[in-house]
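Each chain, written out:
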Amino acid sequence: MSPSFPCLRTSGTFCVLDLSAVPGAKRTEVVGLHDGALRLRLAAPPVDGKANDEIVAWLAQSLGLPRRDVQLLRGLTSRRKQIQIDAPEAVVAAWLGGLGLA
């Protein structure tokens, strides 16, 4: 677990990011931290996997990674999700720091 970000931890060769998703917003944006997870508003409805696709695409673009490096681990139908990110923890922590969360 990253000391600065309770929502980020390393697991083997990748990072795991805990998310709290709020679908149906006007735009996709980070709201802050909520209960140990990064709270993310999504500009996608929670039907047919659209919200999950939006999370993966948005995170990949925000981190400057190919989409194949960002995968949903847990929470297919839940608001609480775990995302696997194939990048060093320092890269993801720097991105989180740039969001003004630390």
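Note that this is a predicted model, so its numbers are computed, not measured.

(A) Layout of the confidence of the model for the protein chain. In the predicted model, the protein chain carries a mean pLDDT of 91, and 96% of its residues have values of at least 70. Per-element confidence in the protein chain is highest for strand S6 (residues 80–85), whose mean pLDDT is 97, and lowest for strand S1 (residues 8–11), whose mean pLDDT is 91.

(B) Layout of the pairing of strand S5 (residues 70–74). As defined by bridge partners, S5 adjoins S6 across four bridges and the pair is classed as antiparallel. When the bridges of S6 are listed, valine 70 appears paired with isoleucine 85. Connecting the antiparallel pair S5 and S6 is a turn made up of five residues, with glycine 75 showing a positive phi of about 95 degrees.

(C) Summary view of the packing of aromatic side chains. Inspection of the entire model under this criterion finds one aromatic pair. When the centroid spacing of 5.9 Å and the interplanar angle of 65 degrees are considered together, the rings of tryptophan 58 and tryptophan 95 count as edge-to-face. Of the two residues, tryptophan 58 is situated in helix H1 (residues 50–63) and tryptophan 95 in helix H2 (residues 89–98); the sequence distance between them amounts to 37 residues. Of the two residues, tryptophan 58 and tryptophan 95, neither departs from the other in class, the shared state being buried.

(D) Layout of the nonpolar core. If you look at the biggest cluster of nonpolar residues, it comprises 26 residues, and the most contacted ones within it are Leu17, Leu59, Ile85 and Leu96. Not counting residues within four places of it along the chain, the set of residues in contact with leucine 59 comprises Leu17, Leu19, Val70, Ile83 and Trp95.

(E) Region of the structure containing the pattern of salt bridges. Counting across every chain of the model gives five salt bridges. For glutamate 29, the salt bridge goes to arginine 41, with nearest N and O atoms at 3.2 Å. Note that glutamate 29 is positioned in strand S3 (residues 29–34) and arginine 41 in strand S4 (residues 37–41), a separation of twelve residues in sequence. Residue class for glutamate 29 comes out partly exposed when judged on its relative accessible area of 21%.

The rules behind the values
- Residues numbered from 1 in each chain as written.
- Predicted model: local features only at pLDDT ≥ 70, side-chain atom pairs only at ≥ 80, totals over all residues.
- Heavy atoms only, no water.
- pLDDT = per-residue confidence, 0-100.
- Helix = DSSP H or I, 4+ residues; strand = E, 2+ residues; numbered from the N terminus.
- Pairing = 2+ DSSP bridges.
- Phe/Tyr/Trp six-rings, centres within 6.5 Å; stacked < 30°, edge-to-face > 60°.
- Buried < 20%, exposed > 50% of the residue type's maximum accessible area, 1.4 Å probe, protein only.
- Core = buried A, V, L, I, M, F, W, Y, C linked by side-chain atoms within 4.5 Å.
- Contact = heavy atoms within 4.5 Å.
- Salt bridge = Lys/Arg side-chain N within 4 Å of Asp/Glu carboxyl O.

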